[in-house]
Amino acid sequence: MHVTLGMSDGEARILRPERGRVLVVDDDVDVCALLEARLAGRGFEVAWTTSAETALDGLGTAEVDAVLTDIKMARMSGLELCERIVASRPDVPVVVMTAFGTLEAAIAAIRAGAYDFVTKPIEVDAVAVALERAVQHRALRSEVERLRRVVDDAEGFGELLGASAPMKRVYDLLERVVSSDATVLVTGESGTGKELVARALHRRGRRSAGPFVAVNCAAIPEGLLESELFGHARGAFTHAHNARAGLFQQAHGGTLLLDEIADLPRPLQPRLLRALEERAVRPVGADHEVAVDVRIVAATNRDLEAALEEGRLREDLYFRLNVIRIELPPLRLRGRDILLLAQRFVDHYARQMGKPVRGLSPAVAERLLAYAWPGNVRELQNCMERAVALAGGERIGVDDLPERIRARRPPPPVVPGGDPEELVTLEEVERRYILRVMEAAGGHRTRAAQVLGLDRKTLYRKLEHYARAERARDRRPPDGAGRNP
């Protein structure tokens, strides 16, 4: 798509955009030509004019993502141009540049509504960073305006919500297994929505009229968990004055969620395996089995393959549970789903609290996207509940966010350098990337292997190689150590 600003006398130069469409306004032709060439080399589509009036006329019909204007120009200053753009096209951010890098000039630019401020002599890298952030700001502004219109119609499965590629893969798999009785293993970091998956499978499946029962295998002491799962007969132990049906029997005809299955004590694993295979349970102290008809959904945030290798999980139970596996992506890998979910939570808590909060500010959207969300969707939900409670207007502001999120800003765009000292081997690039994915996966080797497209053994071998190399470097004496003078 091309930008046409209606400029005459050859003043406009048009290039195809990669990072955004920028209009440069400066009454110095040489500066315009320089910026056109340098910014185009960084992927921007650049049009320029030496007239502020022409720029205003062109903005009435042109698609421009950001304006870069000098502050000192004949007839109309950059500050006046900025004020008029803010009044007529508030969706287009303005970056002001000036040779007078004083505090007063910066304050004047911000008061005029400028998005950012850069100084002359021009450092093109700094200008490119400011413009890329301005373009992103405009995109986020459009996104938050759109969110309220689309959140109720957004793609999802049950209470799960999101339109990112990883979530679409999850929905596709859920649609294919929802009508079956096959055992489902849901894995993913804490807070990603594993119980929501189990509830969605139950509500949309043929067992929806039956009970949904959930148990956290890590929250119940081992001595009580057996009775909780399988029930007990009268007199089976002290204080067992009456027989009690276990959770398998309570879930008969419905769905049983075994949450935190990796924490199931090893002595109970054979009993669970038999219950799954025989579709029957023997209550503690009873002399007969009771048939049960349940669909099993197991969930965990642990690395089951590691638990298997370390002997904490029986191999036969692992394979019995791992019939259909659904891996939920962490929130940090779901892109703009973060904003979609945030808007859903804002709507929910605004109704609950009776507050007129309608959405997010662009600055808040920027912070939410920059944050890593170690607590995933649960942390985002808590954050939005707090923000709605503190909000004083129709939009969530940066001051309404927790400090850990307020402090996050997106990293500056990477500007490729030409210094040979900065170049590394392909092996080093691979090492850095693998370690970065391991960090993003929270140390979960199976999850990292899936992201990298490697089998687990290959990933383990590479990680062990990196560890050996690191240990060897630690043992290496400092330069000059041990040498004769």
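Up top is the structure.
Residues numbered from 1 in each chain as written. Predicted model: local features only at pLDDT ≥ 70, side-chain atom pairs only at ≥ 80, totals over all residues. Heavy atoms only, no water.

Caption draft 1: Structural detail: the layout of surface pockets. When its volume is computed, the largest pocket comes out at roughly 560 Å³. Along the walls of the largest pocket sit 23 residues, with Gly191, Gly193, Leu196, Val377 and Gln381 positioned nearest its centre. For the lining of the largest pocket, the secondary-structure elements that each account for two or more residues are strand 7 (160-161), helix 7 (194-204), strand 12 (255-259), helix 13 (337-353) and helix 15 (376-390). No other element matches the four residues that helix 13 contributes to the lining of the largest pocket. Here the lining of the largest pocket is composed, by residue class, of eight nonpolar, seven polar and eight charged. (1 Å grid on protein atoms, 1.4 Å probe; cavity = no way out; pocket = protein on both sides within 12 Å on 5 of 7 lines; lining within 4 Å. Points joined across faces, edges and corners; volume = space filled by probe spheres on them. Helix = DSSP H or I, 4+ residues; strand = E, 2+ residues; numbered from the N terminus. Nonpolar A, V, L, I, M, F, W, Y, C, P; charged D, E, K, R; others polar.)

Caption draft 2: Summary view of the pattern of salt bridges. This model, assessed by the stated rule, comprises 29 salt bridges. We note a salt bridge from Arg203 to Glu159, for which the minimum N-O separation is 2.8 Å. Of this pair, Arg203 sits in helix 7 while Glu159 sits in the loop between strand 6 (156-157) and strand 7, and the two are 44 residues apart along the sequence. Glu159 sits in the partly exposed class, given a relative accessible area of 48%. Two residues, Asp263 and Arg302, come together in a salt bridge whose shortest N-O distance is 3.2 Å. Of this pair, Asp263 sits in the loop between strand 12 and helix 10 (269-278) while Arg302 sits in the loop between strand 15 (295-300) and helix 11 (304-309), placing them 39 residues apart in sequence. A residue is classified by how much of its surface remains accessible, and Asp263, at 24% relative accessible area, is partly exposed. The partly exposed category is assigned to Arg302, whose relative accessible area is 38%. (Salt bridge = Lys/Arg side-chain N within 4 Å of Asp/Glu carboxyl O. Buried < 20%, exposed > 50% of the residue type's maximum accessible area, 1.4 Å probe, protein only.)

Caption draft 3: Quick peek at the packing of helix 2 (residues 52-59) against helix 3 (residues 78-88). Here helix 2 crosses helix 3 at 10°, and the two axes come no closer than 11 Å. On the basis of their axis angle, the class for helix 2 and helix 3 is roughly parallel. Only Leu81, Arg84 and Ile85 of helix 3 make contact with helix 2, whose side of the interface consists of Ala52, Leu56 and Leu59. Class assignment for the residues of the contact of helix 2 with helix 3 results in five nonpolar, no polar and one charged. (Axes fitted to C-alpha atoms, helices over the stretch in contact; angles between N-to-C directions. Parallel < 35°, antiparallel > 145°, perpendicular 65-115°, else oblique. Contact = heavy atoms within 4.5 Å.)

Caption draft 4: Region of interest: the sheet that holds strand 8 (residues 184-187). In space, the five strands of this open sheet follow the order 9-12-15-8-16, with parallel pairing throughout. Of all strands in the sheet, those with a lone pairing partner are strand 9 (212-216) and strand 16 (324-327), marking the two edges. Ignoring strand direction, the axes of neighbouring strands in this sheet form an average angle of 20°. Sheet analysis places strand 9 next to strand 12, joined by five bridges and oriented parallel. Residue pairing across strands places Asn216 opposite Asp259, the latter belonging to strand 12. Across the sheet, helix 6 (residues 165-177) is in contact with strand 15 and strand 16; its angle to strand 16 comes to roughly 150°. (Pairing = 2+ DSSP bridges.)

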